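So the chains spell out like this:
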Amino acid sequence: MRSGWRVGSLFDIPLFIDPSWLGVLVLIAIPRGLLWQANFPQWGAALAYSMGVVMALLLFSSVVLHELGHSLVAKAQGIKVSSITLFLFGGIASIEQESKTPGKAFQVAIAGPAVSLVLALLLGAVAYAIPDPTNAINVLAVNLALTNLILALFNLIPGLPLDGGQVLKAAIWKITGSRFKGIHWAARTGKILGWLAVLWGASSFVRGDFSGLWIAFLGWFGIRNATSYDRMTDLQETLLQINAGEAMTRDFRVVDADMSLRQFADAYLLETDRPTVYFAASDGRYRGMVSANDLQMVERSEWETQTLHRIVKPLTTIPTVREVTSLVDVIQLLESQELKRITVLSPADAVAGIIDRGDVVRALTKKMNIPLSDALIKQIKEEGVYPPGFQLGAIAQAAAEAGQK
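These numbers were taken from a predicted model, which means no experiment stands behind them.

What counts as what
Residues numbered from 1 in each chain as written. Predicted model: local features only at pLDDT ≥ 70, side-chain atom pairs only at ≥ 80, totals over all residues. Heavy atoms only, no water. Helix = DSSP H or I, 4+ residues; strand = E, 2+ residues; numbered from the N terminus. Pairing = 2+ DSSP bridges. Axes fitted to C-alpha atoms, helices over the stretch in contact; angles between N-to-C directions. Contact = heavy atoms within 4.5 Å. Parallel < 35°, antiparallel > 145°, perpendicular 65-115°, else oblique. Left-handed = near helix turned anticlockwise from the far one by under 90°. Nonpolar A, V, L, I, M, F, W, Y, C, P; charged D, E, K, R; others polar. Phe/Tyr/Trp six-rings, centres within 6.5 Å; stacked < 30°, edge-to-face > 60°. Buried < 20%, exposed > 50% of the residue type's maximum accessible area, 1.4 Å probe, protein only. Lys NZ or Arg CZ within 6 Å of the ring centre and 35° of its normal. Core = buried A, V, L, I, M, F, W, Y, C linked by side-chain atoms within 4.5 Å. Salt bridge = Lys/Arg side-chain N within 4 Å of Asp/Glu carboxyl O.

## Examining unusual backbone geometry
Part 1 of the reasoning: Note that the residue after Leu160, namely Pro161, is joined by a cis bond; omega there is 10°.
Part 2 of the reasoning: Along the chain, Pro161 turns up in the loop between helix H4 (136-155) and helix H5 (163-176).
Part 3 of the reasoning: In this model, Glu338 sits at a positive phi of 50°, which is unusual for a non-glycine residue.
Part 4 of the reasoning: One can find Glu338 in the loop between helix H10 (327-336) and strand E9 (341-345).

Here it is, written out as structure tokens:
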């Protein structure tokens, strides 16, 4: 669930403010008011603090325009942008998918810093047009111009999650032909730069420079997000490496298609630990899937005379994949058709196994050596949904797009 307050929308993109951003506004408005009251006593306290508030609000607008630059370029490429959110470290545009090519990814990445640079130039022109250094408009324009310049240059540092990291990712993607390699290199650079910031900030703090604490905090934020990029990419690559045959289970039972419905009900449905899936076969061939719920479609008085052929669903009418089908395709089929499970067929068109969301998670975590309890796997199987926050459908979609590059 998205945090923060919705304060409107721009170009049909919802705009949210995280509560942490209010603290940033206060930390900008009050110190600026104090500084300007001391440097420009002729202004008076009311004007100095008012200009501090205006500075904070215009900085708010600058960050929004920076993120809007990313968002509008993404929208021009047909990519949905679900929101723009301002938070403690600035802003973030929630862009729902990756650009189709490295060139287009570069365009989205560079758009934000380009907007900030344009704002810096325009504000610099305003300051140049009002040369009096004590004029409130001049002071405001100079400060905002410098702030936007710093915002642009800082974001061009070549490491994720910064825009410069996205630019580096696009460049490596273009050179190697692999988006995954681009993300890995940009994430590693981001982590190295983050650790340097943490060490620099910590050493400055030890020497009595309290601003070092903020630098270290920014470095930690960068490390955490770069690591998240790296892990998500590992997850997508792993999904592409697993096929249906590796993930499927044989948690089903094959029954005789010629048995009566009564025999089926008495022999299997009264079992306490019975499987949830049955397949009927006769004459050495699979006839299809049998669902216990379909028994209700037949009058009980006919159970003695009717066989499973009456309720069997032929394999050609149920969702199936091959053993060699990529797990990414399995996930997309599960999500797009809202299925609980899928049947896996062998090259000879025999039933080789079944896959549900629990099997998907188990295969993925096993491949990545991530410990996961059997209880959680069982819960996923029973409920037919992935754990909260684990949007495997969207992850598989991104992996499929990356795999086509």
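## Structural notes on the sheet that holds strand E10 (residues 351-356)
Part 1 of the reasoning: Taken together, 3 strands build an open sheet; the order of strands is E8-E9-E10 and the sheet is mixed. Looking at strand neighbours, the two that pair on one side only are strand E8 (320-322) and E10, the edges of this open sheet. For this sheet, the mean angle separating the axes of adjacent strands, direction not counted, is 35°.
Part 2 of the reasoning: Pairing between E8 and E9: 3 bridges, direction parallel. In the strand pairing of E9, Thr320 is matched with Thr343.
Part 3 of the reasoning: With respect to the sheet, H10 is in contact with E8, E9 and E10, its orientation differing from that of E9 by roughly 140°.

## Remarks on the packing of H10 against helix H13 (residues 392-403)
Part 1 of the reasoning: Where H10 meets H13, the closest approach of the two axes is 9 Å, and the angle between their N-to-C directions is 135°. Accordingly, the angle class assigned to the pair H10 and H13 is oblique. Crossing hand, H10 versus H13: left-handed. Between H10, through Val328, Ile331, Gln332 and Glu335, and H13, the contact on the second element is made entirely by Leu392, Gly393, Ala396, Gln397, Ala399 and Ala400.
Part 2 of the reasoning: Partitioned by chemical class, the residues of the contact of H10 with H13 number 6 nonpolar, 3 polar and 1 charged.

## Focus: the packing of aromatic side chains
Part 1 of the reasoning: A full pass over the atoms with the stated rule returns 10 aromatic pairs.
Part 2 of the reasoning: Ring geometry for Phe40 versus Trp43: centroids 4.7 Å apart, planes at 15°, classification stacked.
Part 3 of the reasoning: Between Tyr386 and Phe390 the ring centres are 6.4 Å apart and the planes differ by 90°, which places this aromatic pair in the edge-to-face class.
Part 4 of the reasoning: Tyr386 sits in the buried class, given a relative accessible area of 13%.
Part 5 of the reasoning: By relative accessible area, Phe390 is classed as partly exposed at 24%.
Part 6 of the reasoning: Cluster of aromatic residues (ring-pair linked, three or more members): Trp36, Phe40 and Trp43.
Part 7 of the reasoning: Stacked on the ring of Trp185, the Lys or Arg Arg188 has its end atom at 5.8 Å from the ring centre.

## Some thoughts on the sheet that holds strand E4 (residues 90-95)
Part 1 of the reasoning: The mixed open sheet is built from 4 strands, whose spatial order is E1-E2-E3-E4. Looking at strand neighbours, the two that pair on one side only are strand E1 (5-10) and E4, the edges of this open sheet. If you compare each strand with its neighbour and ignore which way they point, the axes differ by 25° on average.
Part 2 of the reasoning: Contacting E1, strand E2 (13-17), strand E3 (81-87) and E4, helix H2 (residues 45-76) runs over the sheet at an angle of about 160° to E3.

## What about the nonpolar core?
Part 1 of the reasoning: Membership of the largest hydrophobic core comes to 33 residues, with the highest contact counts inside it found for Trp21, Trp36, Trp43 and Phe60.
Part 2 of the reasoning: Put simply, the parts of the chain that give this core at least two residues each are E2, helix H1 (19-39), H2, E3, helix H3 (102-129) and H4.
Part 3 of the reasoning: At 10 residues, the largest contribution of residues to this core is made by H2.
Part 4 of the reasoning: Those residues in contact with Trp21, other than ones at most four positions away along the chain, are Phe60, Val63, Leu86, Phe87, Leu88 and Gly90.

## Here's the deal with the environment of Ile157
Part 1 of the reasoning: Topologically, Ile157 is positioned in the loop between H4 and H5.
Part 2 of the reasoning: Taking the C-alpha atoms as reference points, Ile157 and Val167, 10 residues apart in sequence, are found 9.4 Å from one another.
Part 3 of the reasoning: Dropping the residues within four chain positions of it, Ile157 is found in contact with Leu162, Gly164, Gly165 and Leu193.

## So, the pattern of salt bridges
Part 1 of the reasoning: Applying the stated criterion to the full structure yields 14 salt bridges.
Part 2 of the reasoning: For Asp359, the salt bridge identified is with Lys381, shortest N-O distance 2.7 Å. Note that Asp359 is positioned in helix H11 (residues 357-367) and Lys381 in helix H12 (residues 374-383), a separation of 22 residues in sequence.
Part 3 of the reasoning: Its relative accessible area of 1% is what places Asp359 among the buried residues.
Part 4 of the reasoning: Accessibility expressed as a relative area gives 21% for Lys381, which makes it partly exposed.
Part 5 of the reasoning: What you see here is one network of salt bridges that share partners, running through Asp356, Asp359, Arg362 and Lys381.

None of the figures reported here should be taken as evidence of function without further support.
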